[in-house]
Amino acid sequence: MARRSKYPLPLLMRTAAAWVITLLLFFPLGWLALMAFKTELQAISVPPLWWFTPTLDNFREVQERSDYLLYARNSLITSVLSTVIGLMIATPAAYSMAFFKSRHTKNLLMWMLSTKMMPAVGALVPIYVLAQKSQLLDTRTGLVIIFMLSNLPIMVWMLYSYFKEIPNEILEAARMDGATLWQEFYRVTFPLALGGLASTGLLCLVLSWNKAFWSLNLSSAKAGTLATLIASYSSPEGLFWAKLSAASLMAIAPIVVFGWFSQKQLVQGLTFGAVK
Amino acid sequence: MAYLQLHGIEKSFGELRVIKGVDLQIQKGEFIVFVGPSGCGKSTLLRLIAGLEQTDGGSVVLDGRDITEAASSARDLAMVFQSYALYPHMSVFENMSFALKLAQVPQAQIREKVERAAAILNLGDYLHRRPKELSGGQRQRVAIGRAIVRAPKVFLFDEPLSNLDAALRGQTRIEIAKLHRDLGATTVYVTHDQVEAMTLADRVVVLRDGRIEQVGTPLELYDHPANSFVAQFIGTPQMNMLAVSLVAELAQRFALPVAADGFIGLRPEHVILQPQGQGMLHMQVDLVEALGAETLLYLSNGQGLQLVLRQSARSGLHSGQSVGIDLQFDCAHYFDAQGRALRQGAASV
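### Description of the overall build of chain A
Point 1. Scanning chain A from N- to C-terminus turns up 13 helices and 2 strands.
Point 2. In summary, chain A has a C-alpha radius of gyration of 23 Å against a globular reference of 19 Å for 276 residues, an excess of more than 25%.
Point 3. For chain A, the C-alpha atoms occupy an extent of roughly 80 × 70 × 30 Å along the three principal directions.
Point 4. Classification of the 276 residues of chain A by burial places 41% in the buried group.
Point 5. Expressed as a percentage of contacts within chain A between residues at least 6 apart in sequence, the contacts between residues at least 24 apart total 76%.

### Let's talk about the side chain of Ser219(A)
Residues and elements named next belong to chain A.
Point 1. Tracing the chain through its elements places Ser 219 in the loop between α10 (213-218) and α11 (226-231).
Point 2. A distance of 2.5 Å separates a polar side-chain atom of Ser 219 from the backbone oxygen of Ser 215.
Point 3. The contact partners of Ser 219, leaving out residues within four places of it in the chain, are Asp 138, Leu 143, Trp 214, Gly 224, Thr 225 and Thr 228.

### Side note on empty space enclosed by the protein
Residues and elements named next belong to chain B.
Point 1. For the structure shown, the criterion picks out 3 cavities of 30 Å³ or more.
Point 2. Of the voids in this model, the largest cavity is the one considered here, and its volume is about 80 Å³.
Point 3. Taken together, Phe 31, Ile 144, Ile 148, Phe 155, Phe 157, Ile 176, Leu 179, His 180, Leu 183, Ala 185 and Thr 187 make up the full set of residues lining the largest cavity.
Point 4. Among the secondary structure elements, those contributing two or more residues to the lining of the largest cavity are α4 (136-148), β7 (154-158) and α5 (166-183).

### Considering unusual backbone geometry
For residues besides glycine, phi is generally negative; the peptide bonds are generally trans as well.
Point 1. Look at the link from Val46(A) to Pro47(A): it is a cis peptide, with omega at -5°.
Point 2. Within the secondary structure, Pro47(A) is located in the loop between α2 (40-44) and α3 (57-65).
Point 3. For Gln135(A), which is not glycine, the phi dihedral falls at a positive 55°.
Point 4. Relative to the helices and strands, Gln135(A) is located in the loop between α6 (124-133) and α7 (140-164).
Point 5. Of note, the phi angle at Asp209(B) is positive, near 50°, even though the residue is not glycine.
Point 6. Within the secondary structure layout, Asp209(B) lies in the loop between β9 (203-208) and β10 (211-216).

### Regarding the nonpolar core
Point 1. Of all hydrophobic cores here, the largest spans 65 residues; its most connected members are Phe163(A), Phe34(B), Leu45(B) and Leu156(B).
Point 2. With 8 residues, α7(A) is the largest single contributor of residues to this core.
Point 3. Not counting residues up to four positions away in its chain, the partners in contact with Leu156(B) are Met176(A), Leu46(B), Ile49(B), Ala50(B), Leu77(B), Ala78(B), Met79(B), Val80(B) and Val188(B).
Point 4. Of all hydrophobic cores here, the second largest spans 44 residues; its members include Val80(B), Leu164(B), Ile176(B) and Ala197(B).

### Considering the interface of chain B and chain A
Point 1. Across the boundary between the two partners, chain B contributes 24 residues, which contact 15 residues of chain A.
Point 2. Each partner contributes to the roughly 1,700 Å² buried at the junction of chain B and chain A, and carbon and sulfur atoms together form 62% of this total.
Point 3. Linking chain B with chain A are 2 salt bridges, by the criterion used here.
Point 4. Its salt-bridge partner being Glu172(A), residue Arg47(B) comes within 2.5 Å of it at the nearest N-O pair.
Point 5. Here chain B is connected to chain A by 8 residue pairs in polar contact (both at pLDDT 80 or more).
Point 6. Listing elements by their share of the side of chain B that touches chain A, those giving two or more residues are α1 (42-50), β6 (77-80) and α2 (92-102) of chain B.
Point 7. A per-element tally of the side of chain B that touches chain A places α2(B) first, with 4 residues.
Point 8. Counted by class, the side of chain B that touches chain A contains 15 nonpolar, 5 polar and 4 charged residues.

### Considering the packing of aromatic side chains
Point 1. This model, assessed by the stated rule, comprises 19 aromatic pairs over all chains.
Point 2. Ring geometry for Tyr95(A) versus Phe185(A): centroids 5.1 Å apart, planes at 90°, classification edge-to-face. Note that Tyr95(A) is positioned in helix α4 (residues 68-99) and Phe185(A) in helix α9 (residues 181-210), a separation of 90 residues in sequence.
Point 3. Overall, the relative accessible area of 9% leaves Tyr95(A) in the buried class.
Point 4. Measuring from ring centre to ring centre gives 5.4 Å for Phe254(B) and Phe329(B), while their planes differ by 50°; the resulting arrangement is tilted. Of the two residues, Phe254(B) sits in the loop between α9 (248-253) and β12 (263-266) while Phe329(B) sits in the loop between β17 (322-327) and β18 (333-335), which places them 75 residues apart along the sequence.
Point 5. On the basis of relative accessibility, which here comes to 35%, the residue Phe254(B) falls in the partly exposed class.
Point 6. Following the ring pairs from residue to residue traces out a cluster consisting of Tyr95(A), Phe99(A), Phe100(A), Phe163(A), Trp182(A), Phe185(A), Tyr186(A) and Phe190(A).
Point 7. Sitting over the ring of Tyr87(B), Arg146(B) keeps its end group 4.7 Å from the ring centre.
Point 8. Directly above the ring of Tyr222(B) sits Arg267(B), whose terminal nitrogen or CZ lies 3.8 Å from the centroid.

Cut-offs and rules
Residues numbered from 1 in each chain as written. Chains lettered and ligands numbered in written order. Predicted model: local features only at pLDDT ≥ 70, side-chain atom pairs only at ≥ 80, totals over all residues. Heavy atoms only, no water. Helix = DSSP H or I, 4+ residues; strand = E, 2+ residues; numbered from the N terminus. Rg over C-alpha atoms; globule rule 2.2 N^0.38 Å. Buried < 20%, exposed > 50% of the residue type's maximum accessible area, 1.4 Å probe, protein only. Contact = heavy atoms within 4.5 Å. Polar contact = N/O pair within 3.5 Å; in protein donor to acceptor, adjacent residues only side chain to side chain. 1 Å grid on protein atoms, 1.4 Å probe; cavity = no way out; pocket = protein on both sides within 12 Å on 5 of 7 lines; lining within 4 Å. Points joined across faces, edges and corners; volume = space filled by probe spheres on them. Core = buried A, V, L, I, M, F, W, Y, C linked by side-chain atoms within 4.5 Å. Buried area = accessible area lost by both parts, 1.4 Å probe. Salt bridge = Lys/Arg side-chain N within 4 Å of Asp/Glu carboxyl O. Nonpolar A, V, L, I, M, F, W, Y, C, P; charged D, E, K, R; others polar. Phe/Tyr/Trp six-rings, centres within 6.5 Å; stacked < 30°, edge-to-face > 60°. Lys NZ or Arg CZ within 6 Å of the ring centre and 35° of its normal.

This is the structure in structure tokens:
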């Protein structure tokens, strides 16, 4: 009789599938990282080069040609501010929907979500005109507002689900203990929803950081984020793969590092509907 | 004047009228138990007193003050919830001191009060723990402790023992009774368990379909139920309810004071076992429940008559055997066709 393997076949297959999917997902990122350290010639060579002497020239050139730190600062400011303001608006909205539910709460939530189903380009012209008229084109204020608005439905939904998980009896207990609405919120609801607030904030920070569509269309040299920086390397004068890769790597590095350290909270945030 | 007064309390959820004009007077220091089947409105009534639901009509007066419109936080009541509803992010100490902290009681006084309550409830060693590090019984005691430290005007308990296992339930029930004796606090307690109602209450309020069926001391309800619902709800096993038509011959022979369409109520202890061939009725044993201290016999006569008999002596009978039965009509309760008590039954032996 054959010796039973310590690892049964289904487990091996699942593990193999997980590895394949992970590698597929990771491949573009890995390829990008390789390209960033090649010369332009090596970058376009066919067949692709796997072994080469890495160079830091691309990074140096990106920094010389365009001011990386300016774009990075814009990215940081716009994503942090849009997240903070978004949380300030979404928290009371989600709170009222979770704890003072009316007949139309579900409809309202669905309507908010439905705005995310519309392609962003559909709203581009009116928003561009609005931004222009109110002199918010190529300003960080303009980007903060639009990033915040486009993340708001997701924030409300996530916070709503977190608030819903707080048992009503705990809030009633606080009320019986003499807590006013405000005390009930900041002493009971807020601490209990803190994990959810953190997850929501982290996710929206990542989403804002990665927003390319609006920053490409509404900003350029002054308020441009790192997405604008990357795009500037696919210019009409020709594609510079290696420099483009270096710029991309520099653009995503901060958020990847940040994401790595907060992965527990992020995963919790992304699976919020699934683990109920 | 009564300490806590309910006048014509009304409550509807949408179309459904759940509380239909409840009037009740509760004296200071009384232990009142609301009891009734699921959906009778007992928890809703408690939540209306607590201010967690708004009344649609009537008024609530506490210690001379109309609190009908007052917020829960301004009513000076404490509530123990079925799920305990402890604050998961706070230690036992913080849970118990929360209300005092909100009331801006000085720190030293808070410490003293919480420690005293913790000592009463044997929670002294757990003050720094979080609720999730406690057993169910301990959580229950923290919930009670949270209520006592405040020394509120009235304690409200919403089925506080239903999440505990049977042994712990009995033990906690005794603790609550002792606590009430020691503190003398006015208490309103909701339960669906009539044993809890009987053992804890000074007065029991039996509710059905949003109305009060009867208010009285536990033994008043047991001995003098106002109607067949109360008669059957109080006491385990249930009072036997015999349609007069099924025992017409006996009713005539003993000149029972009940109409032909009425009912005779007999507690299981008032059904007496006789040897086969003797007694007023001949019945068959369907089931024997030997509980040790008492034995329950479930009997039927094949013509629609079913009886439960309780005796303290053990029984060698088993199902299928025939027995004779005597009914103690002098201990019986009599009801009309609508279930209203006709004559107050004699006190049980």
